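Letter by letter, the chains look like this.
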Amino acid sequence: MTHKRLGRSTLVAALTAGALLAGLAPAALAEPARRAQDALGPYGLGGVQLGMSAKDATATGKVVQKTRAGACSGWDLKAHPSGRDGVGMWISKKLGVAMIFAPEGVKTPQGIGLGSTQKQLNKAYPKLKRAASGFPIAKVPGNPKAYYYFLLSKNKIYEMGLALSNQDCAN
(Lines give C-alpha, C1' and ligand atoms only; values in the text may rest on other atoms or scores of the structure.)
Protein backbone atom coordinates (compact mmCIF):
# COMPACT_ATOMS: atom_id res chain seq x y z
CA MET A 1 0.00 0.00 0.00
CA THR A 2 1.41 3.39 -0.93
CA HIS A 3 0.62 6.59 0.91
CA LYS A 4 0.15 9.67 -1.16
CA ARG A 5 0.56 13.07 0.44
CA LEU A 6 -2.41 15.36 -0.16
CA GLY A 7 -1.92 19.03 -0.87
CA ARG A 8 -3.62 21.59 1.36
CA SER A 9 -6.20 22.56 -1.29
CA THR A 10 -7.06 18.89 -1.85
CA LEU A 11 -7.54 18.42 1.89
CA VAL A 12 -9.75 21.53 2.18
CA ALA A 13 -11.83 20.36 -0.79
CA ALA A 14 -12.22 16.90 0.77
CA LEU A 15 -13.26 18.39 4.13
CA THR A 16 -15.73 20.74 2.47
CA ALA A 17 -17.23 17.89 0.44
CA GLY A 18 -17.49 15.78 3.58
CA ALA A 19 -19.16 18.63 5.44
CA LEU A 20 -21.66 19.11 2.62
CA LEU A 21 -22.44 15.39 2.59
CA ALA A 22 -22.91 15.52 6.35
CA GLY A 23 -25.36 18.41 5.92
CA LEU A 24 -23.08 21.13 7.22
CA ALA A 25 -22.72 24.45 5.47
CA PRO A 26 -19.14 25.38 4.46
CA ALA A 27 -19.34 28.27 6.94
CA ALA A 28 -19.58 25.70 9.74
CA LEU A 29 -16.00 24.68 8.96
CA ALA A 30 -14.81 28.19 9.81
CA GLU A 31 -16.86 28.34 13.01
CA PRO A 32 -14.07 27.32 15.46
CA ALA A 33 -11.74 29.98 14.05
CA ARG A 34 -14.49 32.59 14.20
CA ARG A 35 -15.36 31.66 17.79
CA ALA A 36 -11.69 31.91 18.80
CA GLN A 37 -11.44 35.40 17.30
CA ASP A 38 -14.70 36.46 18.97
CA ALA A 39 -13.63 35.11 22.38
CA LEU A 40 -12.30 37.46 25.02
CA GLY A 41 -8.85 36.03 25.66
CA PRO A 42 -6.49 34.55 26.25
CA TYR A 43 -4.55 37.26 24.37
CA GLY A 44 -7.12 39.71 23.05
CA LEU A 45 -10.37 40.16 21.15
CA GLY A 46 -11.28 40.55 17.50
CA GLY A 47 -7.71 40.68 16.20
CA VAL A 48 -6.51 43.19 18.82
CA GLN A 49 -3.96 41.76 21.25
CA LEU A 50 -2.92 42.76 24.76
CA GLY A 51 0.39 44.62 24.61
CA MET A 52 -0.18 45.82 21.02
CA SER A 53 0.88 49.46 20.59
CA ALA A 54 -1.70 52.08 19.59
CA LYS A 55 0.04 52.29 16.22
CA ASP A 56 -0.19 48.51 15.68
CA ALA A 57 -3.80 48.40 16.92
CA THR A 58 -4.71 51.21 14.49
CA ALA A 59 -2.97 49.32 11.67
CA THR A 60 -5.40 46.41 12.14
CA GLY A 61 -8.20 48.70 10.92
CA LYS A 62 -10.38 47.29 13.71
CA VAL A 63 -10.22 50.10 16.28
CA VAL A 64 -11.14 53.75 16.60
CA GLN A 65 -9.80 56.16 19.20
CA LYS A 66 -12.35 57.88 21.44
CA THR A 67 -10.48 59.68 24.20
CA ARG A 68 -7.10 60.56 25.66
CA ALA A 69 -6.59 60.51 29.41
CA GLY A 70 -2.98 61.02 30.52
CA ALA A 71 -0.97 57.82 30.23
CA CYS A 72 -3.84 55.91 28.59
CA SER A 73 -6.25 56.47 25.73
CA GLY A 74 -9.73 55.02 25.25
CA TRP A 75 -10.62 53.08 22.11
CA ASP A 76 -13.43 50.97 20.68
CA LEU A 77 -13.43 47.93 18.48
CA LYS A 78 -15.31 48.99 15.35
CA ALA A 79 -17.26 45.71 15.48
CA HIS A 80 -18.35 46.43 19.08
CA PRO A 81 -18.89 50.17 19.69
CA SER A 82 -19.31 50.92 23.39
CA GLY A 83 -21.61 53.92 23.09
CA ARG A 84 -21.18 57.59 23.76
CA ASP A 85 -19.96 57.47 27.36
CA GLY A 86 -17.82 54.34 27.31
CA VAL A 87 -14.71 52.82 25.85
CA GLY A 88 -14.07 49.25 24.74
CA MET A 89 -10.40 49.23 25.70
CA TRP A 90 -7.60 51.24 27.21
CA ILE A 91 -4.25 51.56 25.48
CA SER A 92 -1.33 52.57 27.67
CA LYS A 93 1.49 54.67 26.22
CA LYS A 94 3.93 52.45 28.12
CA LEU A 95 2.34 48.96 27.81
CA GLY A 96 0.15 49.07 24.71
CA VAL A 97 -3.33 47.52 24.86
CA ALA A 98 -3.75 47.18 28.61
CA MET A 99 -7.46 46.39 29.10
CA ILE A 100 -10.22 45.12 26.85
CA PHE A 101 -13.82 45.21 28.06
CA ALA A 102 -16.24 42.46 27.03
CA PRO A 103 -19.02 43.63 24.74
CA GLU A 104 -22.48 42.04 24.84
CA GLY A 105 -22.47 38.53 23.39
CA VAL A 106 -18.71 37.94 23.76
CA LYS A 107 -17.54 35.22 26.13
CA THR A 108 -14.25 33.90 27.45
CA PRO A 109 -13.06 30.56 26.02
CA GLN A 110 -14.46 29.07 29.25
CA GLY A 111 -17.97 30.30 28.34
CA ILE A 112 -18.31 33.26 30.71
CA GLY A 113 -19.91 36.45 29.46
CA LEU A 114 -22.13 39.31 30.51
CA GLY A 115 -25.15 37.85 32.28
CA SER A 116 -23.30 34.75 33.52
CA THR A 117 -24.08 33.90 37.13
CA GLN A 118 -21.76 33.76 40.13
CA LYS A 119 -22.24 29.98 40.15
CA GLN A 120 -21.16 29.71 36.48
CA LEU A 121 -18.19 31.98 37.19
CA ASN A 122 -17.08 29.85 40.16
CA LYS A 123 -17.36 26.68 38.07
CA ALA A 124 -15.37 28.12 35.14
CA TYR A 125 -12.71 29.68 37.37
CA PRO A 126 -12.51 27.66 40.62
CA LYS A 127 -9.41 29.60 41.77
CA LEU A 128 -11.07 33.04 41.74
CA LYS A 129 -9.36 35.62 43.90
CA ARG A 130 -10.48 39.07 45.02
CA ALA A 131 -8.88 42.30 43.86
CA ALA A 132 -7.98 44.88 46.51
CA SER A 133 -11.26 46.64 45.69
CA GLY A 134 -13.21 43.40 46.23
CA PHE A 135 -14.27 42.30 42.73
CA PRO A 136 -13.44 38.78 41.55
CA ILE A 137 -10.43 38.21 39.31
CA ALA A 138 -9.13 35.07 37.64
CA LYS A 139 -5.87 34.13 35.99
CA VAL A 140 -6.31 33.74 32.24
CA PRO A 141 -5.76 30.12 31.21
CA GLY A 142 -3.01 30.11 28.59
CA ASN A 143 -1.73 33.64 29.33
CA PRO A 144 0.22 34.10 32.56
CA LYS A 145 0.60 37.85 31.89
CA ALA A 146 -3.13 38.58 32.08
CA TYR A 147 -6.20 38.34 34.28
CA TYR A 148 -9.96 38.55 33.89
CA TYR A 149 -11.96 40.81 36.18
CA PHE A 150 -15.69 40.55 36.80
CA LEU A 151 -18.22 43.00 38.25
CA LEU A 152 -21.42 41.46 39.55
CA SER A 153 -24.80 42.71 40.69
CA LYS A 154 -27.51 40.38 42.00
CA ASN A 155 -25.15 37.43 41.30
CA LYS A 156 -24.85 38.23 37.56
CA ILE A 157 -21.90 39.66 35.66
CA TYR A 158 -22.66 43.12 34.29
CA GLU A 159 -19.10 44.07 33.33
CA MET A 160 -15.96 42.07 32.68
CA GLY A 161 -12.64 42.51 31.02
CA LEU A 162 -9.27 41.12 30.07
CA ALA A 163 -6.24 43.01 31.36
CA LEU A 164 -2.48 42.85 31.54
CA SER A 165 -1.42 41.96 35.07
CA ASN A 166 0.69 45.13 35.21
CA GLN A 167 -1.83 47.42 33.44
CA ASP A 168 -1.54 51.07 34.38
CA CYS A 169 -4.88 52.46 33.15
CA ALA A 170 -7.35 51.63 35.97
CA ASN A 171 -7.42 50.91 39.69
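Residues numbered from 1 in each chain as written. Predicted model: local features only at pLDDT ≥ 70, side-chain atom pairs only at ≥ 80, totals over all residues. Heavy atoms only, no water.

Right, let's get into the environment of Gly 83. Topologically, Gly 83 is positioned in the loop between β4 (72–77) and β5 (89–92). Exposure remark for Gly 83: the relative accessible area of 38% places this residue in the partly exposed category. Not counting residues within four places of it along the chain, the set of residues in contact with Gly 83 comprises Lys 66 and Asp 76. (Helix = DSSP H or I, 4+ residues; strand = E, 2+ residues; numbered from the N terminus. Buried < 20%, exposed > 50% of the residue type's maximum accessible area, 1.4 Å probe, protein only. Contact = heavy atoms within 4.5 Å.)

Judged by nonpolar contacts, the single largest core of 28 residues is most densely connected at Leu 40, Met 89, Val 97 and Phe 150. Listing elements by their share of this core, those giving two or more residues are β4, β5, β6 (96–101), β8 (136–140), β9 (143–153) and β10 (156–164). With 4 residues, β10 is the single largest residue contributor to this core. Ignoring sequence-local partners within four residues, the contact set of Met 89 consists of Val 48, Val 63, Ser 73, Gly 74, Trp 75, Leu 77, Val 97, Met 99, Ile 100 and Phe 101. Judged by nonpolar contacts, the second largest core, of 13 residues, contains Met 99, Tyr 149, Leu 151 and Ala 163. (Core = buried A, V, L, I, M, F, W, Y, C linked by side-chain atoms within 4.5 Å.)

For the rest of this paragraph, the subject is the state of the cysteines. With the rule as written, the count across this model stands at 1 disulfide. The disulfide partner of Cys 72 is Cys 169, and the S-S distance across this bridge is 2.0 Å. Its S-S torsion of approximately -85 degrees makes the covalent link between Cys 72 and Cys 169 left-handed. Pair noted here: Cys 72 is in strand β4 and Cys 169 is in the segment after β10, with a separation of 97 residues, a long-range link. Considered together, Cys 72 and Cys 169 belong to a single accessibility category, that of buried residues. (Disulfide = S-S within 2.5 Å.)

A separate point is the sheet that holds β9. Across a sheet, paired strands are connected by hydrogen bonds in the backbone, their directions being either parallel or antiparallel. One open sheet accounts for 8 strands, arranged β3-β4-β5-β6-β10-β9-β8-β7; its pairing is antiparallel. Both outer strands of the open sheet, β3 (63–69) and β7 (129–130), are each paired with one neighbouring strand and no more. One ladder, built from 4 bridges, connects β5 with β6; its direction is antiparallel. Within β6, the residue paired with Ser 92 across the bridge is Gly 96. (Pairing = 2+ DSSP bridges.)

Everything listed here is a matter of geometry and, on its own, says nothing about what the molecule does.
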